[in-house]
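Reading the structure
Listed below, chain by chain, are the residues.
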Amino acid sequence: MTAPHPLAPSAVRRGPRHGPRHGRGLPVLGGGAALALVLAGCGSSGSTDASAGSSRAPSSSATASETATTAPPSEAATDTPRLVITAQDHGMVVLDATTLEPVADLELEGYNRLNPAGDGRHVLVSTTGGFQVLDAGTWAEPHGDHNHYYTADPVLTDVVHPAEKPGHVVVHAGRTALFDDGTGISTIVDTGAVADESPEARVIEAPAAHHGVAVEMADGRAVTTEGTEDARSTVVLRGPDGTEIARTDECPGVHGEATAAEERAIVGCEDGVVVVDGDTLTKVQAPDAYGRIGNQAGSDASTVVLGDYKRIAEPETPEATQTVSLTDTATAELRLVDLPSSYTFRSLGRGEDGEALVLGTDGNLHVIDPDSAELVRSIPVVEPWTEPEDWQEPRPALRVHEGTAYVTEPATREVHAVDVETGEVFASATLDEVPDEIVVASGAVTEGSQEYGHAEGEGHDHEDHDHEDGATEESSR
């Protein structure tokens, strides 16, 4: 870069391992995704019944990455994952995920939030006016029985998917769903077209604006929510043509979602969850009268979804939030696990083999076996910390890529890389600014790629779906 890097790590510590695990063939982020090296828009096919509140928008023929990347790409020997991190009152920094060295500094005013776009290359920034596309400058292109990998300068593009109040972004099975809390409209596009200026889209309208969520399953079924700014309790399942298949109004305070193995999904409620299995919506009641599950993390390696759990609407002490939930989407069984410490909405993740991960305020990364619901081990990563009163204040955050957990530590301005399997903190970097949110751009071939079917290889589990990434206070808590 031509200018000094305001967020450049001033110190980097590395252990014997120097990056995320590789070697399973073509990495797949299980929530869905797509190859982002596209020279033409790759819109979705078919149409949706407009009477069901769905429509299609025209597609674009050029991506933002084509027009906005300022330097020619360089070819790399393998995929080059990158971290995108927001900084308090600054903008965003991009780091090499293997070395934690700085790659770029991107300015953007305001309080901005980060969402993986799902294609391994782009990040959707929730900002004023909508979801702005950030090109992390790392991608892969399948070529017969092998891949080509490229890197370029990261750039914040001019492409913005309009939204009055950008809320949840959900990636699954090569489709990316954007929810606008200001209108209640869900816009679902092919993940490979997420950087297009006007991608072909499936648009599902809700009767009223509310803080909601949407996810499209692999066969085209769509799960959306309905409600108002004051109350929301409805989950709706539609077919690929927009026809309503099922609905339930038994999900008070509906918030967040996750997908699991065997093409099941889950939506959180203030008294449990709703499980989506085929054409059926099943309410799973919490064991407490108030048992809110709002943020969840799923894995393609497990039918069990990790979720937060609150027994009190407004807990006054951290001890009130020391329990997490595990919901088996195959059996509709909900179990609770007590932890040694509290945690926050940025604390949930899933390991490469489906491990349930929770970053506690005691500074440990707690590893839970999702099948036995047992706490397996606790890995010391950061110093003990206290949850800030303001949800927008930085607090340690967790993101997982393959076998590596990335943890921010605002108190020391550090970022740490942890081997989930061995428990080793194998790299740390100190930034010049306070880190806030963090996402990973894998730089790998992902499920939604147009040419994905031509490449060989076994897929990786997807990272995590904490999906607190809305633009309103309630979406974060």
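Anything mentioned here points back to the structure above.
Residues numbered from 1 in each chain as written. Predicted model: local features only at pLDDT ≥ 70, side-chain atom pairs only at ≥ 80, totals over all residues. Heavy atoms only, no water.

Further remarks concern the overall build of the chain. For the chain, the helix and strand inventory stands at one helix and 37 strands. When each of the 477 residues of the chain is scored for burial, the buried share is 63%. For the chain, the proportion of contacts with a sequence separation of at least 24, taken over those separated by at least 6, is 59%. Carbon and sulfur atoms make up 46% of the accessible area of the chain, which amounts to about 16600 Å² in all. (Helix = DSSP H or I, 4+ residues; strand = E, 2+ residues; numbered from the N terminus. Buried < 20%, exposed > 50% of the residue type's maximum accessible area, 1.4 Å probe, protein only. Contact = heavy atoms within 4.5 Å. Areas by Shrake-Rupley, 256 points an atom, 1.4 Å probe, with all protein chains shown as cover.)

Going through the model one piece at a time under the given rule, you end up with one disulfide. Two residues share a disulfide in this structure: Cys251 and Cys269, whose sulfurs sit 2.0 Å from each other. Judged by the sign of its S-S torsion, about -100°, the cystine formed by Cys251 and Cys269 is left-handed. With Cys251 in the loop between strand S20 (244–248) and strand S21 (255–260) and Cys269 in strand S22 (residues 264–269), this residue pair connects regions lying 18 residues apart in the sequence. Considered together, Cys251 and Cys269 belong to a single accessibility category, that of buried residues. (Disulfide = S-S within 2.5 Å.)

Here Asp369 is to be found in strand S31 (residues 364–369). Residue Asp369 is classed as partly exposed on the basis of its relative accessible area of 29%. For the pair Asp369 and Gly354, spaced 15 residues apart in sequence, the C-alpha to C-alpha distance is 8.3 Å. In contact with Asp369, not counting residues within four places along its chain, are Leu326, Glu374 and Val376.

Next up on the list: the sheet that holds strand S32 (residues 374–380). Taken in spatial order, the four strands make up an open sheet running S29-S30-S31-S32, and their pairing is antiparallel. A strand with exactly one partner marks an edge of an open sheet, and here the two such strands are strand S29 (348–350) and S32. Within this sheet the neighbouring strands show an average axis-to-axis angle of 25°, counted without direction. Pairing of strand S30 (residues 356–359) with S31 involves four bridges; the strand directions are antiparallel. Pairing of Ala356 across the sheet is with Ile368, part of S31. (Pairing = 2+ DSSP bridges. Axes fitted to C-alpha atoms, helices over the stretch in contact; angles between N-to-C directions.)

Quick look at the layout of surface pockets now. Roughly 260 Å³ of volume is contained in the second largest pocket. As for the second largest pocket, its lining consists of 14 residues, and the residues nearest its centre are His161, Pro162, Ile185, Thr187 and Val203. Secondary-structure elements contributing two or more residues to the lining of the second largest pocket are strand S12 (155–162), strand S14 (175–180), strand S15 (185–190) and strand S16 (201–204). The element best represented in the lining of the second largest pocket is S15, accounting for three residues. Residues belonging to the lining of the second largest pocket are distributed by class as follows: ten nonpolar, three polar and one charged. (1 Å grid on protein atoms, 1.4 Å probe; cavity = no way out; pocket = protein on both sides within 12 Å on 5 of 7 lines; lining within 4 Å. Points joined across faces, edges and corners; volume = space filled by probe spheres on them. Nonpolar A, V, L, I, M, F, W, Y, C, P; charged D, E, K, R; others polar.)

Here we come to the sheet that holds strand S25 (residues 296–297). Taken in spatial order, the four strands make up an open sheet running S25-S26-S27-S28, and their pairing is antiparallel. Each edge of the open sheet carries a strand with a single partner, namely S25 and strand S28 (333–338). Relative to strand S27 (residues 323–328), strand S26 (residues 304–308) is paired through five bridges, and the arrangement is antiparallel. Opposite Gly307, over in S27, you have Ser325 as the bridge partner.

The next thing to look at is the pattern of salt bridges. Applying the stated criterion across every chain, the model contains 16 salt bridges. Arg247 is paired through a salt bridge with Glu244; the nearest N and O atoms lie 3.0 Å apart. Residue Arg247 is classed as partly exposed on the basis of its relative accessible area of 38%. Overall, Glu244 belongs to the partly exposed group, its relative accessible area being 39%. (Salt bridge = Lys/Arg side-chain N within 4 Å of Asp/Glu carboxyl O.)

Under the definition given, this model contains two aromatic pairs. Taking 5.7 Å as the distance between ring centres and 85° as the angle between the ring planes, the aromatic pair formed by Tyr111 and Trp391 counts as edge-to-face. Separated by 280 residues along the polypeptide, Tyr111 in the loop between strand S6 (102–107) and strand S7 (113–116) and Trp391 in the loop between S32 and strand S33 (398–401) bring together distant segments of the chain. Taking relative accessible area as the criterion, Trp391 reaches 5% and is therefore assigned buried. Looking at Arg121, its charged tip hangs above the ring of Trp139, at a distance of 3.7 Å from the centre. (Phe/Tyr/Trp six-rings, centres within 6.5 Å; stacked < 30°, edge-to-face > 60°. Lys NZ or Arg CZ within 6 Å of the ring centre and 35° of its normal.)

Attention shifts here to the side chain of Thr225. Its location among the elements puts Thr225 in strand S18 (residues 222–227). Reaching out from Thr225, the side chain makes a polar contact with the side chain of His210 at a distance of 2.9 Å. At 3.2 Å, the side chain of Thr225 forms a polar contact with the backbone nitrogen of Val213. Not counting the four nearest positions on each side in its chain, Thr225 is found in contact with Phe179, Ala206, His210, Gly212, Val213, Thr234 and Val254. (Polar contact = N/O pair within 3.5 Å; in protein donor to acceptor, adjacent residues only side chain to side chain.)

Here we take up the side chain of Ser126. Considering the arrangement of structural elements, one finds Ser126 in strand S8 (residues 122–127). A polar contact of 2.9 Å, which involves the side chain of Ser126, links it to the side chain of Asn115.

This part covers the environment of Lys310. With respect to the element layout, Lys310 can be found in the loop between S26 and S27. Taking the relative accessible area as the measure of exposure, Lys310 reaches 19% and is therefore buried. Linking Lys310 and Thr323, residues 13 residues apart in sequence, is a C-alpha distance of 7.4 Å.

Nonpolar side chains tend to gather and get buried jointly when the protein is soluble and globular. Core analysis: the largest hydrophobic core is formed by 22 residues, its most contacted members being Val223, Val235, Cys251, Val274, Val276 and Leu281. Elements with a minimum of two residues in this core: S14, strand S17 (214–216), S18, strand S19 (232–238), S22 and strand S23 (272–277). With three residues, the top contributor of residues to this core is S22. Apart from the residues within four sequence positions on either side, Val276 is in contact with Arg221, Val223, Leu237, Glu263, Arg264, Ala265 and Leu281. Core analysis: the second largest hydrophobic core is formed by 16 residues, Leu83, Val93, Ala417 and Val440 among them. (Core = buried A, V, L, I, M, F, W, Y, C linked by side-chain atoms within 4.5 Å.)

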